[in-house]
6 protein chains.
Amino acid sequence: MRTDGRQHDEIRPVTITPGFLPAAEGSALIEIGHTKVICTASLEEAVPGWLRGGGRGWVTAEYGMLPRSTSTRTQREVNRGRPGGRTHEIQRLIGRALRSVTRLDKLGERMIHIDCDVLQADGGTRTAAITGGWVALALALKQMVDFRMIAEMPLSEPLAAISVGMVDGAAMLDLCYEEDSRAEVDMNVVMTAGGEFAEVQSTGESRTFTLHQLEQMLELAKNGVAKLIEAQRSI
Amino acid sequence: MRTDGRQHDEIRPVTITPGFLPAAEGSALIEIGHTKVICTASLEEAVPGWLRGGGRGWVTAEYGMLPRSTSTRTQREVNRGRPGGRTHEIQRLIGRALRSVTRLDKLGERMIHIDCDVLQADGGTRTAAITGGWVALALALKQMVDFRMIAEMPLSEPLAAISVGMVDGAAMLDLCYEEDSRAEVDMNVVMTAGGEFAEVQSTGESRTFTLHQLEQMLELAKNGVAKLIEAQRSI
Amino acid sequence: MRTDGRQHDEIRPVTITPGFLPAAEGSALIEIGHTKVICTASLEEAVPGWLRGGGRGWVTAEYGMLPRSTSTRTQREVNRGRPGGRTHEIQRLIGRALRSVTRLDKLGERMIHIDCDVLQADGGTRTAAITGGWVALALALKQMVDFRMIAEMPLSEPLAAISVGMVDGAAMLDLCYEEDSRAEVDMNVVMTAGGEFAEVQSTGESRTFTLHQLEQMLELAKNGVAKLIEAQRSI
Amino acid sequence: MRTDGRQHDEIRPVTITPGFLPAAEGSALIEIGHTKVICTASLEEAVPGWLRGGGRGWVTAEYGMLPRSTSTRTQREVNRGRPGGRTHEIQRLIGRALRSVTRLDKLGERMIHIDCDVLQADGGTRTAAITGGWVALALALKQMVDFRMIAEMPLSEPLAAISVGMVDGAAMLDLCYEEDSRAEVDMNVVMTAGGEFAEVQSTGESRTFTLHQLEQMLELAKNGVAKLIEAQRSI
Amino acid sequence: MRTDGRQHDEIRPVTITPGFLPAAEGSALIEIGHTKVICTASLEEAVPGWLRGGGRGWVTAEYGMLPRSTSTRTQREVNRGRPGGRTHEIQRLIGRALRSVTRLDKLGERMIHIDCDVLQADGGTRTAAITGGWVALALALKQMVDFRMIAEMPLSEPLAAISVGMVDGAAMLDLCYEEDSRAEVDMNVVMTAGGEFAEVQSTGESRTFTLHQLEQMLELAKNGVAKLIEAQRSI
Amino acid sequence: MRTDGRQHDEIRPVTITPGFLPAAEGSALIEIGHTKVICTASLEEAVPGWLRGGGRGWVTAEYGMLPRSTSTRTQREVNRGRPGGRTHEIQRLIGRALRSVTRLDKLGERMIHIDCDVLQADGGTRTAAITGGWVALALALKQMVDFRMIAEMPLSEPLAAISVGMVDGAAMLDLCYEEDSRAEVDMNVVMTAGGEFAEVQSTGESRTFTLHQLEQMLELAKNGVAKLIEAQRSI
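Residues numbered from 1 in each chain as written. Chains lettered and ligands numbered in written order. Predicted model: local features only at pLDDT ≥ 70, side-chain atom pairs only at ≥ 80, totals over all residues. Heavy atoms only, no water.

### With respect to the packing of aromatic side chains
Taken as a whole and judged by the stated rule, the model has 12 aromatic pairs over all chains. Judged by centre distance (4.9 Å) and plane angle (85°), the rings of B:Trp50 and B:Trp58 are edge-to-face. Aromatic side chains B:Phe209 and C:Phe197 sit 5.6 Å apart centroid to centroid with 35° between the ring planes, which places their arrangement in the tilted category. You can see B:Phe209 sitting in the loop between β9 (197–204) and α4 (211–233) and its partner C:Phe197 sitting in strand β9 (residues 197–204), one on each of two chains. You can call B:Phe209 buried: its relative accessible area is 0%. (Phe/Tyr/Trp six-rings, centres within 6.5 Å; stacked < 30°, edge-to-face > 60°. Helix = DSSP H or I, 4+ residues; strand = E, 2+ residues; numbered from the N terminus. Buried < 20%, exposed > 50% of the residue type's maximum accessible area, 1.4 Å probe, protein only.)

### A few points about the sheet that holds strand β5 (residues 111–120) of chain E
Residues and elements named next belong to chain E. One open sheet accounts for five strands, arranged β1-β2-β3-β5-β4; its pairing is mixed. One side of each edge strand has no neighbouring strand; the edge strands of this open sheet are β1 (14–18) and β4 (58–65). Taking each pair of neighbouring strands and ignoring which way they run, the sheet shows an average axis angle of 15°. As paired elements, strand β2 (residues 26–32) and strand β3 (residues 35–44) share seven bridges and run antiparallel to each other. By the bridge assignment for β3, Ile32 is matched with Thr35. Sitting on the sheet, helix α2 (residues 125–146) is in contact with β1, β2, β3, β4 and β5, with an inclination near 35° to β3. (Pairing = 2+ DSSP bridges. Axes fitted to C-alpha atoms, helices over the stretch in contact; angles between N-to-C directions. Contact = heavy atoms within 4.5 Å.)

### Things to note about the pairing of strand β8 (residues 185–192) of chain B
All names here are of chain B. The element β8 is largely enclosed, with a buried count of seven among its eight residues. Looking at chain direction, strand β6 (residues 159–167) and β8 are connected through eight bridges and run antiparallel. In the strand pairing of β8, Gly165 is matched with Asp186. Note that β8 and β9 share seven bridges and pair antiparallel.

### Digging into the interface of chain C and chain B
Facing 34 residues of chain C, the contacting portion of chain B comprises 33 residues. In this structure, the connection of chain C to chain B is made through four salt bridges. The closest approach of N and O atoms between C:Arg92 and B:Glu89, which form a salt bridge, is 2.8 Å. In this structure, the connection of chain C to chain B is made through 12 residue pairs in polar contact (both at pLDDT 80 or more). Those elements that place two or more of their residues in the side of chain C that touches chain B are α1 (85–99), β9 and α4 (211–233) of chain C. Looking at the side of chain C that touches chain B, the element that brings in the most residues is β9(C), giving eight residues. Looking at side-chain class alone, the side of chain C that touches chain B contains 10 nonpolar, 13 polar and 11 charged residues. One ladder, built from five bridges, connects β9(B) with β9(C); its direction is antiparallel. (Salt bridge = Lys/Arg side-chain N within 4 Å of Asp/Glu carboxyl O. Polar contact = N/O pair within 3.5 Å; in protein donor to acceptor, adjacent residues only side chain to side chain. Nonpolar A, V, L, I, M, F, W, Y, C, P; charged D, E, K, R; others polar.)

### What to know about the relation of the copies chain D and chain A
Overlaying chain D with chain A gives an RMSD of 0.0 Å, the required rotation being 180° about an axis along which the chain moves by 0.0 Å. Such a combination of turn and shift is consistent with a two-fold rotation axis. Of the C-alpha atoms belonging to chain D, the one lying closest to the rotation axis is found on D:Gln201, 2.2 Å away. Interface overlap between copies: 100% of the residues of chain D at the interface are likewise at the interface in chain A, consistent with a symmetric, same-surface contact. (Least-squares fit on C-alpha atoms with pLDDT ≥ 70 in both.)

### Details of the interface of chain D and chain A
Each side of the interface is counted separately: chain D has 34 residues, and chain A has 34 residues. Buried surface at the junction of chain D and chain A, both sides included, amounts to about 3000 Å², of which 48% is carbon and sulfur. The three residues of chain D that bury the most area against chain A are D:Phe197, D:Glu205 and D:Thr208, which together make up 19% of that side's buried surface. Counting every contact that joins chain D to chain A gives four salt bridges. The interface formed by chain D and chain A contains 12 residue pairs in polar contact (both at pLDDT 80 or more). Counting only elements with at least two residues in the side of chain D that touches chain A, the list comes to α1 (85–99), β9 (197–204) and α4 (211–233) of chain D. At eight residues, the largest contribution of residues to the side of chain D that touches chain A is made by β9(D). Here the residues of the side of chain D that touches chain A sort into 10 nonpolar, 13 polar and 11 charged. (Buried area = accessible area lost by both parts, 1.4 Å probe.)

### Some points on the relation of the copies chain C and chain B
Superposition record for chain C on chain B: RMSD 0.0 Å, screw rotation 180°, translation along axis 0.0 Å. Here 97% of the contact residues of chain C are again contact residues in chain B; the copies associate through an equivalent surface.

### Considerations on the side chain of A:Ser163
All names here are of chain A. Residue placement: Ser163 occurs in strand β6 (residues 159–167). A relative accessible area of 4% places Ser163 in the buried class. For Ser163, the side chain forms a polar contact with the main-chain nitrogen of Leu175, separated by 3.2 Å. Setting aside its immediate chain neighbours within four residues, Ser163 contacts Thr127, Leu173, Asp174, Leu175, Met187 and Asn188.

### Here we look at the packing of helix α1 (residues 85–99) of chain E against α2(E)
Residues and elements named next belong to chain E. Across the interface, α1 lies against α2 with an axial gap of 10 Å and an inter-helix angle of 40°. Classified by the interaxial angle, the pair formed by α1 and α2 is oblique. For the pair α1 and α2, the crossing hand works out as right-handed. Packed against α1, whose contacting residues are Arg86, Glu89, Ile90, Leu93, Ile94, Ala97 and Leu98, the element α2 presents Thr125, Arg126, Ala129, Ile130, Gly133, Trp134 and Leu137 at the interface. Among the residues forming the contact of α1 with α2, the class breakdown is nine nonpolar, two polar and three charged. (Parallel < 35°, antiparallel > 145°, perpendicular 65-115°, else oblique. Left-handed = near helix turned anticlockwise from the far one by under 90°.)

### Concerning the pattern of salt bridges
A side chain with one charge can pair with a side chain of the opposite charge if their charged atoms come near. For the coordinates displayed, the defined rule picks out 144 salt bridges over all chains. Across the salt bridge formed by B:Glu89 and C:Arg96, the nearest N and O atoms sit 3.7 Å from each other. Placement of B:Glu89 in helix α1 (residues 85–99) and of C:Arg96 in helix α1 is noted, with the two residues assigned to different chains. You can call B:Glu89 buried: its relative accessible area is 8%. For C:Arg96, a relative accessible area of 10% corresponds to the buried category. With its nearest N and O atoms 2.9 Å apart, the salt bridge here joins D:Arg76 to F:Glu62. Taken together, the residues D:Arg76 in the loop between β4 (58–65) and α1 and F:Glu62 in strand β4 (residues 58–65) connect one chain to another. Take D:Arg76: its relative accessible area is 12%, and that puts it in the buried class. When its relative accessible area of 16% is taken as the criterion, F:Glu62 is described as buried.

### A word on the arrangement of the chains
With no contact between them, chain C and chain D keep their nearest C-alpha atoms 11 Å apart. Separating chain A from chain E is a minimum C-alpha gap of 11 Å, and the two share no contact.

### Looking at helix α2 (residues 125–146) of chain D
Residues and elements named next belong to chain D. The terminal C-alpha atoms of α2, which comprises 22 residues, lie 31 Å apart, in line with the 32 Å expected from a rise of 1.5 Å per residue. Burial runs high along α2: 17 of the 22 residues are buried. Where α2 ends, the next residue or the one after it, Arg148, has phi of about 55°, a positive value. (Expected span 1.5 Å × (residues − 1).)

### A short note on the packing of α4(B) against α4(C)
Axis separation between α4(B) and α4(C) bottoms out at 13 Å; the angle between their running directions is 165°. The angle between α4(B) and α4(C) falls in the class roughly antiparallel. As for how α4(B) packs across α4(C), the hand of that crossing is right-handed. Contact with α4(B), carried on its side by B:Leu211, B:Leu214, B:Glu215 and B:Leu218, involves C:Leu211, C:Leu214, C:Glu215 and C:Leu218 of α4(C) and no other residues of that element.

This is the structure we're talking about:
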């Protein structure tokens, strides 16, 4: 049994509130346990310089945390003059994940900015950001179809992400902060509704892990992602 | 009659949700019309270098906007490497305003950080931040009293802030974004429950204004602040 | 009686030296007591991106202090990598103030940069910068008229600024540094020759203030600004 | 057959030159095909603030590229004022990987900086940096044992890293730049001599991938890493 | 004959106003032709970390230009986030030059900051800064002797600097901006009253120069510096 | 006799490896004693804004040091957010020196970037960078002639640089780090094959120097540069 009474293969309660910030082309508030992330999708009628003239679009992501999303206050990155290494790593991951299911050639020369801002952080913020970011992206793309800016939805399929880890020698699904900070192995898995992977990142900070453990964790992740995709579909 | 049907001397509906981010020592979500700001108060057991050894505390504020709090996306300041001039101006205002009603000598050598993060911006974000920031500050100070860290509440009295302006030649209370952007004169007033001022800032961007107009706007502000202090007291 | 023997409603001696830096389109050295500020106006044949194509011009201001303008040396802001919050606040104030009396639509798509650099700081540097900045701006605009770049002076009227404050419970005009640092209330007033306000900023850092005190300070400011506008006119 | 005539499961020729920069406590030049990376290990008798007083050490890594390590010149990151997202991601990966096989509690309160500087980049620079970084780290630790600063080698076992990918639908080992840039899936695997994983990162930028493909790539990586560990051991 | 009617071996009129900014421990306004530089010396009772505990002092310099010291406005370096290469080069030169005649071991663990701020730039600002900086330094050191902080003047002898160059094939002394910008060779010479060199920097930007030309320029410089040291002595 | 057994007028062994980084248009590894610098020349088909439209080209240089090129690790400048003063000074020197022998009008509107990265630093890195940079530049220009991008070599003649200094009262050629750090006078001389100077920089940090010493040092430098130019020619 885990701190919060869950089974090893059980995810925390998930709520997705679509349209949370109505000014955005697409938006969602995603809550997984105590973790809360606002995701918005903003359409820009331009692409980065290196894509100009190719007729293709782009999806990019940014990630931030409110200073008091954490249990003690975290300094704003703007006051250190630059995003930290962790922020860079996370926003690159979100962007790659969402691009893997987006038909960029169907977007036209447009960019969609996914902003993921963490209101409350209790583990799994990056995977929540991907899951909620997909909802914001889908809503924005749907609006573009409705407004006849594009002919069809350029999303190949639903996509979600979940964390898994080895904690006290056991594989566990959807780690909360307390579990995450004592995990021997930490894994983030991004999967599609069809059961394919967009990204697998598995890290042993304090120790290494075996192929068997890797497979155990992937199995847990698969079930976790399936639950999340259900939640996405129900809205 | 105004865009949203209000009278000239009428404020927008106000909701204050105390304890919105429970991890913080004090917090509140303040909503004034469509403007929504999360305010948190975080206690730090240290003061800036120039105050060390004096036995006094400090209250400081920071202000940020989610990229999609605005109707079109605003670039994150962290990616420009520094907070902009407007951000500096606002966070200095919030800090001064809250310090004016705080007995810093009763705090001990402690600092309280007020973080004001705008989820949705429809005019009046800086005044909402002061009104909500006071609630977060009061809750944090109350917790300090409850935990017997300090003997008594070091707040002299409630404090709130409201915007006023001259729009199409008429004085108007609590401007929404659309009114603010075509106002001839823009004023922010920070007042205490006792009817004294902590700050008056009145600016004619496109034209100048008379003493009579100044007095008219102050009168409107007085009534608006009274309504906000009522809302603060009811929680 | 004040430290320097002045009456409560008396400003310090004022000297304005027009054309102090002849390379600039307009310039002035303004001295108010020991405070000395060089103001220059530089013409640029371009406007910021967001104004392009609208046929209107812009006036913007920057403010700096020599490291040894203060009684102990102040670190150069360039070595901290960015202008501080106080600098941002001041240069935004100077820009707004000067724009409030400038007919931007008569400028053409041109920008005038007002640079205010403090050689010696003894209180009131921001108000001196506005008063001297107006002179530099007027001289630059006059040169543009002389060179037939514009048909008529796009300045509606003279404008100057002065500080006032409550010190030891009494309203005082034109605070020097020593008075400013122990003032209970600090106010900056920007007014036109016609007696209208461009900006009123009144701040209680250590305590709040009443409407009566506000009115007293505005009255003092009115007389102070009148003296400064006389000095501007005499040159 | 691949561009350079290799089999799908064949790595490029590897050369490791230990002691390449003799001033460093440990160093190695690693060459894998045309990719060349200088790795150094520098000992510092101090740990980051958050580790102080705990008696444990730390291993951290930094990564850089010479401007002309790439086929067209890349701007120096110092001139953009900050390391980019990719640099952050890579140096965090190298640090984590090397810490996973280091007994930090046996180091004492010391930090070892691993610097990986790419002279020539032809794909696989981050994995080469890990493989070469391990050699530099081992040499520095050996010197510490020789100098009796520590009692025994705090490295649990050899560690190396290799890239794999899906290119034109086929799994391939040790991608060169040309292959990497058209790979559908890109994977970096960090493994120990004992066959355990320190990190698995698998990314589908343009498309997703199946569990079967993941397993195929892991199999290739296992053989590749074994070859690299042989090269490490032979020196 | 030169643009301004001078002989090839003639310096521009020099005026040095000591005590120009009375708040500083030492200060001078130096004017050489149209070039005007304010130099101040500020005493700090501390030395940089790497000198601490050695009983020696330090002299360091910073250099800045007012935005409108130049004939067209120059952007403030603070707004580019860092001092440019030219600024670094100049302030390092000024510091080295002044340290070469200062007995740092007689200063105690104190630092003197020399700030050189250019009001008007017409060539030779760096050499004027050295000549005026020496005056500011000498005045500050004299005050320290007067206040019995140090037993004797720690300056070995007067020091001044001048520019020379090859213009249209002829050696010329004390170049104004117009001459400097078309000079084939540009040289800055820092010399003591005793005729020794503290620094010689001779640069051929558009062409190279012979030993004979070098000697010719050094001869001119020697006479120019002698004139400047006379001006220093007369105050 | 010197630390390493050399005569006062003897340079350290020199090796120049042309084409060290074959991806670059021109490259060389230069080794002078223990000092090792990689120099590359990169062609860009564009010039800086202020040169555009004039038909002329430009040569610019950048300089960096690997963190462990020094005997104790040096922090990367990118992590301080900007190149330091020394870096600026050196890269400006390299650029000026190479431009002095380049016919910029024969280049067309193209820029050549010279990158000098120090692998190992034992004194004389900036002069080695100039000597090796000239080789990289010459190779790149030769390639441009071979590719018929330009009609003839736009280099007027070979150019090299060497350090000299006064150490323990004696003039010495080609200082190693240990000599450099205790030199009373430090000089860098950039000369052409024809015996003319491109740059002479002579600095007395701890004391001043006489004309006689200057001449002695120039004489040593002349012979040292001749040896380096021989080495350049032999490749």
